[in-house]
Amino acid sequence: MCCLTAREAALIVEIRRQTRYIRTREGPVKRKIIVDTDPGIDDALALALLVKSPEVTVHAVTAASGNLPAEECLKNIHRIYGFLRIEEKPLIGMGPDWPRSGEDARHIHGKDGLANTYLPVFLRNAAQPAAKLIASILTGSAEPVTILALAPLTNIADALDRIDFHTAKVERIVLMGGAFHVPGNASPLGEFNIHHDPEAARRVINSPLPVTIVPLDITTRLVFTVRDFDAFAKCRRGAGRLARNLLPFYLQAHRRYHRLDGVHLHDVIAAAVVAAGDLFKTRRVWCDVETEGEITRGTTVADDRPFTPREPNVEVVSSFDEKALKNFILSRLATD
Ligand code: BDR
Ligand code: CA
């Protein structure tokens, strides 16, 4: 890079950082990730996409309360790994049950959280307390770790309380949550993951770590219809079969509760931000979470005024290549 200006060199470094592989002299290195999740149909497909993605290594999976109590989400993590017949055994964690709102989302995801399929539970590693596990990984890792948060942020906020921000190895936190300029899905303005534990969301968003938000504004822009589900028609096992089993129920729920003839795969899109970051654009903005409002508790607020005195504290995904993203998701999931 000897003939480049400092600005050009910095740009190249940033572009490399955003590419799917971190290159070393020995070759491509997989991005190490922790997934905090509350499966949930879109969580299940996000996990399936990640374990099928050579760009990442799922080092740990932790269960949070959200769509269901954490204990049931933990069961579903085991169910998903068992169904996918994944050899690798990630570290497993579980957070506290029902920290705040007490509302679940069984009407969207099924009584068991996985479309009433009641898949067999294949126990893998025993679960450790989630916040402690996440903190110990961030503290002890040799390389930077990406946290992908697909659930209310209870476990992540508790983990951040246990680490030293100067020495912890955090590449960034990518979180699915928030609704800025679209209606909420848990209250008029509140998105489910933020609405469920607004205090935790506030602590994470205001932490000094790099945070990338994947809000409903983005995840509701991509609609998967029954025609897209054809991609899974021939899949007899694995991720494609899981999608075939889960999506019809999810579609019914979207028809009933969102009046939509298709589905939004919120958490899958957040997973794609980690596995295929080059498909997305982001903007830097100041953002916070309302924790007081009688009607607006649990809503996210972004200061989008052109002349705001506030310094940006997060990156928000602002656009993506729709065709490329849909192809990426369908091709990653349509496998045996
Ligand atoms: C989020 O809420 C949950 O029901 C989904 O799994 C997703 O994480 C979307 O608002
Ligand atoms: Ca989720």
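Residues numbered from 1 in each chain as written. Chains lettered and ligands numbered in written order. Predicted model: local features only at pLDDT ≥ 70, side-chain atom pairs only at ≥ 80, totals over all residues.

1. Quick notes on the overall build of the chain
Counting its regular elements, the chain contains 13 helices and 12 strands. A globule of 336 residues ought to have a C-alpha radius of gyration of about 20 Å, and the chain, at 19 Å, matches this closely. Per-residue burial for the chain yields a buried fraction of 46% across its 336 residues. By sequence separation, contacts in the chain at least 24 residues apart represent 83% of the contacts at least 6 residues apart. (Helix = DSSP H or I, 4+ residues; strand = E, 2+ residues; numbered from the N terminus. Rg over C-alpha atoms; globule rule 2.2 N^0.38 Å. Buried ≥ 20, exposed ≤ 12 C-beta atoms within 10 Å, placed from the backbone. Contact = placed C-beta atoms within 7 Å.)

2. Quick look at the environment of R79
In this structure, R79 sits in helix α3 (residues 70–84). Residue class for R79 comes out buried when judged on the 22 C-beta atoms lying within 10 Å of it. Separated by 132 residues in sequence, R79 and V211 place their C-alpha atoms 30 Å apart. Residues within four places of R79 in sequence aside, it is in contact with L114, L119 and V121.

3. Quick word on the site of ligand 1
Within the structure, ligand 1 sits among 14 residues, and G40, A105, F192, H266 and D267 are positioned closest to it. Secondary-structure elements contributing two or more residues to the shell around ligand 1 are α2 (41–51), α7 (192–196) and α12 (266–275). Taken together, the residues that form the shell around ligand 1 break down as 5 nonpolar, 5 polar and 4 charged. (Near = placed C-beta within 6 Å. Nonpolar A, V, L, I, M, F, W, Y, C, P; charged D, E, K, R; others polar.)

4. Focus: the pairing of strand β11 (residues 300–303)
Covered by surrounding structure in β11 are T300 and A302 only, the residues V301 and D303 on the alternate face being uncovered. Relative to β11, strand β10 (residues 280–289) runs antiparallel, the two sharing 4 bridges. Along β11, the bridge assignment pairs V289 with T300. (Pairing = 2+ DSSP bridges.)

5. Some thoughts on the environment of T220
Checked against the element boundaries, T220 lands in the loop between α9 (216–219) and α10 (226–229). A tally of 17 C-beta atoms within 10 Å means that T220 is categorised as partly exposed. For the pair formed by T220 and M94, sequence separation is 126 residues and the distance between their alpha carbons is 29 Å. Every residue in contact with T220, bar those within four places of it in the chain, is listed here: V182 and H264.

6. Observations concerning helix α13 (residues 322–333)
Between its first and last C-alpha atoms α13 spans 17 Å; for 12 residues at 1.5 Å apiece the expected length is 16 Å, and the two agree. All buried positions along α13 are accounted for by I329, R332 and L333. When α13 is viewed along its axis, its buried side chains cluster within an angular range of 95° and face the same direction. What points out from α13, more than 90 degrees from its buried face, is the exposed set K323, A324 and S331. As for α13, its buried residues are in contact with α2, α11 (238–258) and α12. (Expected span 1.5 Å × (residues − 1). Arc of directions from axis to C-beta.)

7. Comments concerning the packing of α2 against α13
Contact geometry for α2 and α13: axes closest at 9 Å, N-to-C directions at 80°. With respect to α13, the element α2 is oriented roughly perpendicular. Side by side, α2 and α13 meet where L45, A48 and L49 of the first sit next to I329, R332 and L333 of the second. Counted by class, the contact of α2 with α13 contains 5 nonpolar, no polar and 1 charged residues. (Axes fitted to C-alpha atoms, helices over the stretch in contact; angles between N-to-C directions. Parallel < 35°, antiparallel > 145°, perpendicular 65-115°, else oblique.)

8. Things to note about the confidence of the model for the chain
Summary statistics for the chain give a mean pLDDT of 91 and a share of 90% for residues scoring 70 or more. Across residues 1–5, confidence stays below pLDDT 50; counting only partners more than four residues off in sequence or on other chains, it has 3 contacts. (pLDDT = per-residue confidence, 0-100.)

9. A word on the environment of P69
The residue P69 is located in the loop between β4 (56–63) and α3 in this model. Residue P69 is classed as partly exposed on the basis of its 19 C-beta neighbours within 10 Å. Through-space distance from the C-alpha of P69 to that of G95 is 9.3 Å; in sequence the pair is 26 residues apart. With residues near it in sequence (within four places) discarded, P69 still touches D97 and W98.

10. Let's talk about the sheet that holds β10
Read from one edge to the other, the open sheet built from 10 strands follows the order β6-β5-β4-β3-β7-β8-β9-β12-β10-β11, with strand pairing classed as mixed. Lying at the two open borders of the sheet, with one neighbouring strand each, are β6 (128–129) and β11. In the sheet, strand β8 (residues 170–176) pairs with strand β9 (residues 211–214) via 4 bridges, with the strands oriented parallel. Residue L175 lies in a different strand from β9, and its bridge partner there is I213.

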